[in-house]
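# Structural overview for review
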Amino acid sequence: MFMRTILAGAMALGLTSAAGAAELKLGYSLAPTSHYGVSATAMGEELARLTNGKWTIKQFPANALGGEREMVEGLQIGTVDLVVTSTGPVGNFVPDTLLTDIPFLFRDYKHAHAVLDGPIGQRILDQFPKNGLIALAWGENGFRNLTNSKRPIRTPDDARGLKVRTMENQVHMQAFRTIGVLPTPMAFPELFTALQQGTVDGQENPIGVILSAKFPQVQKYLSLTQHVYSPALILMSPSVWNKLDAKEKEAFQQAAKVGAAAMRKKAFEDAQNGVEELRKQGMEVVTDLDRKAFEEALKPAFAEYAKRFGQAKIDEIRNYQ
Ligand code: EAX
């Protein structure tokens, strides 16, 4: 039994493969065809190329290694090697990432990329090691949009009283509570069934996720709220990272950069082309959102964020060019 445990542990770290080659376990919550899958493939190819096939990646898509919070825990204890995840639950491990989860913070993709790829983003990535995690790169999930099974939503008033699944993220929950929505935090793997059974009325996600997770089967209305930009992260277990020499570390970082770029490209394409596909699959799409009214209704939440994070830190992101 003891030997088996050791063996299983060694295999999880990829130590038993032939000729010093090592296969790493990478988990994510979506289908292989999603932006996460595309990213993992691009990263794996680049990593194998840069290390002459010494390090390769085996993908575990569609929550095969658990929800995002569980996968991040797996990184900390060394049962999972790599994860592509939204920032959803990551603030529970590295509180500074919560800053990036504030609604209506990023104007557009360009703004988000500039912040995350610049000194502010790096400062947040630097917080990971002391919390038992390695952050290789920022990726992208995309701007989130509200779906529900009850009615078309154009204004905060329309949304009031809906029961909406949120990620396990305090910043998001606070925002929804503030506009009178009942936020129900839930891990992503439980979401489809919860929508199907009516445990919750709605959820919110980027277009690529709504498509990939087949939510049109259980949700009628889509509002293009774009209420929050959802970053993604490529994370790694310190138990693997700490074994690498300097050159290998560089290879992982470079491969993650390639993976992140592929993720952003696919997430963007899905956001551009996916709405039409969602219409075809029967969703009724609300495009004329009263965005101003949502921002206005969120004012008390913004005041709370300022208290929690400091207005200066928020403005630094908001005003970053
Ligand atoms: O990372 O939990 C969520 O809604 C995430 O956006 C999804 O798992 C993709």
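Per chain, residue numbering runs from 1 following the sequence as it is written. Whole-chain, interface and lining totals are the exception, using all residues; otherwise, since this is a predicted model, local features are given only for residues with pLDDT of at least 70 and side-chain atom pairs are given and counted only at 80 or more. With hydrogens and water set aside, each side-chain value is computed from the structure's full complement of heavy atoms.

### Regarding the overall build of the protein
Comment: elements are numbered from the N terminus, with helices defined as DSSP H or I runs of at least four residues and strands as E runs of at least two. If you tally the helices and strands in the protein, you get 14 helices and nine strands. By the compact-globule yardstick of 20 Å for 321 residues, the protein fits well, its C-alpha radius of gyration being 20 Å. Taking the principal axes of the C-alpha coordinates as reference, the protein spans close to 60 × 45 × 35 Å. For every residue, the accessible area (1.4 Å probe, protein chains only) is compared with the maximum for its type, and the residue is labelled buried under 20%, exposed over 50%, or partly exposed between those bounds. Taken over 321 residues, the protein has a buried fraction of 54%. Contacts were defined at the residue level, with two residues in contact if any of their heavy atoms lie within 4.5 Å. When contacts within the protein are restricted to residue pairs at least 6 apart in sequence, those whose partners lie at least 24 apart make up 75%. Entry remark: accessible area of the protein is about 13800 Å², with carbon and sulfur atoms responsible for 53%. His residues and chain termini do not enter the charge count, which takes Lys and Arg as positive and Asp and Glu as negative. We put the charge of a Lys on NZ, of an Arg on CZ, of an Asp on CG and of a Glu on CD. Here the protein carries 36 positive and 34 negative side-chain charges, and the mean point of each set is 1 Å from the other. Radius of gyration here is computed from C-alpha atoms only, and the compact-globule reference equals 2.2 Å multiplied by the residue count raised to the power 0.38. Accessible areas in this description were obtained via Shrake-Rupley with a 1.4 Å probe; residue shielding takes into account the shown protein chains only.

### Observations concerning the layout of surface pockets
One number sums up the size of the largest pocket: a volume of about 390 Å³. Around the largest pocket, the lining comprises 19 residues; the ones closest to its centre are Q122, L125, L136, A137 and W138. Elements with a contribution of two residues or more to the lining of the largest pocket: α4 (109–117), α5 (119–125), β4 (134–148) and α11 (246–280). Here the nonpolar group is Ala, Val, Leu, Ile, Met, Phe, Trp, Tyr, Cys and Pro; Asp, Glu, Lys and Arg are the charged ones; every other residue, Gly included, is treated as polar. Looking at the lining of the largest pocket residue by residue, the classes come out as 11 nonpolar, four polar and four charged. The method works on a 1 Å grid over the protein atoms by themselves. A cavity is a set of points holding a 1.4 Å probe that cannot get out, a pocket is an open set with protein on both sides within 12 Å along at least five of seven lines, and residues with an atom within 4 Å of a point line them. Grid points are joined across faces, edges and corners, and a volume is the space filled by probe spheres set on the points.

### So, the pattern of salt bridges
A side-chain nitrogen of Lys or Arg and a carboxyl oxygen of Asp or Glu constitute a salt bridge if their distance falls within 4 Å. Evaluation of the coordinates by the stated rule reveals 16 salt bridges. Taking the shortest distance from any N to any O, the salt bridge between E269 and K265 comes out at 3.2 Å. Of this pair, E269 and K265 both sit in helix α11, separated by four residues, roughly a single helical turn. Between K299 and E296 there is a salt bridge, and its shortest N-O distance comes to 3.3 Å. Given a relative accessible area of 49%, E296 falls into the partly exposed group. The structure contains a network of salt bridges with shared partners spanning R69, E73 and E168.

### Structural notes on the confidence of the model for the protein
When the pLDDT values of the protein are averaged, the result is 95; 94% of them are 70 or greater. pLDDT is a per-residue confidence score from the predictor, ranging from 0 to 100. Of all secondary-structure elements in the protein, the lowest mean pLDDT belongs to helix α1 (residues 2–12), at 45, while strand β3 (residues 82–86) reaches the highest, 99. Of the regions scoring below 50 in pLDDT, residues 1–19 engages in 20 contacts with residues more than four places distant in sequence or in other chains.

### Details of the site of the ligand
Each residue is tested against the molecule or strand, and it is near if at least one of its non-hydrogen atoms lies within 4 Å. Surveying the vicinity of the ligand reveals the residues S29, Y36, E68, S86, N141, R144, R165, M167, F188 and N205. Between the ligand and S29, the relevant distance is 3.1 Å, taken from an oxygen atom to a side-chain nitrogen or oxygen of the residue. For the ligand, an oxygen atom lies 2.7 Å from a polar atom in the side chain of Y36. When the ligand sits alone it has 260 Å² of accessible area, and the protein chains cover 99% of it. Here the residues of the shell around the ligand are counted per class, giving three nonpolar, four polar and three charged. Nitrogen and oxygen atoms within 3.5 Å of one another constitute a polar contact, given that in protein one can donate a hydrogen and the other can accept it, and given that sequence-neighbouring residues count only through two side-chain atoms.

### As for the environment of E284
Here E284 shows up in strand β9 (residues 284–286). A residue is classified by how much of its surface remains accessible, and E284, at 37% relative accessible area, is partly exposed. Note: C-alpha distance between E284 and R177 (107 residues apart in sequence) is 25 Å. Not counting residues up to four positions away in its chain, the partners in contact with E284 are P152, K220, Y221 and L222.

### Quick notes on empty space enclosed by the protein
As enumerated under the stated definition, the model contains three cavities of 30 Å³ or more in all. For the largest cavity, the calculated volume is near 120 Å³. Taken together, P103, L146, H172, A175, F176, I179, T225, H227, V228, F294 and L298 make up the full set of residues lining the largest cavity. Counting only elements with at least two residues in the lining of the largest cavity, the list comes to α7 (170–178) and β8 (221–236).

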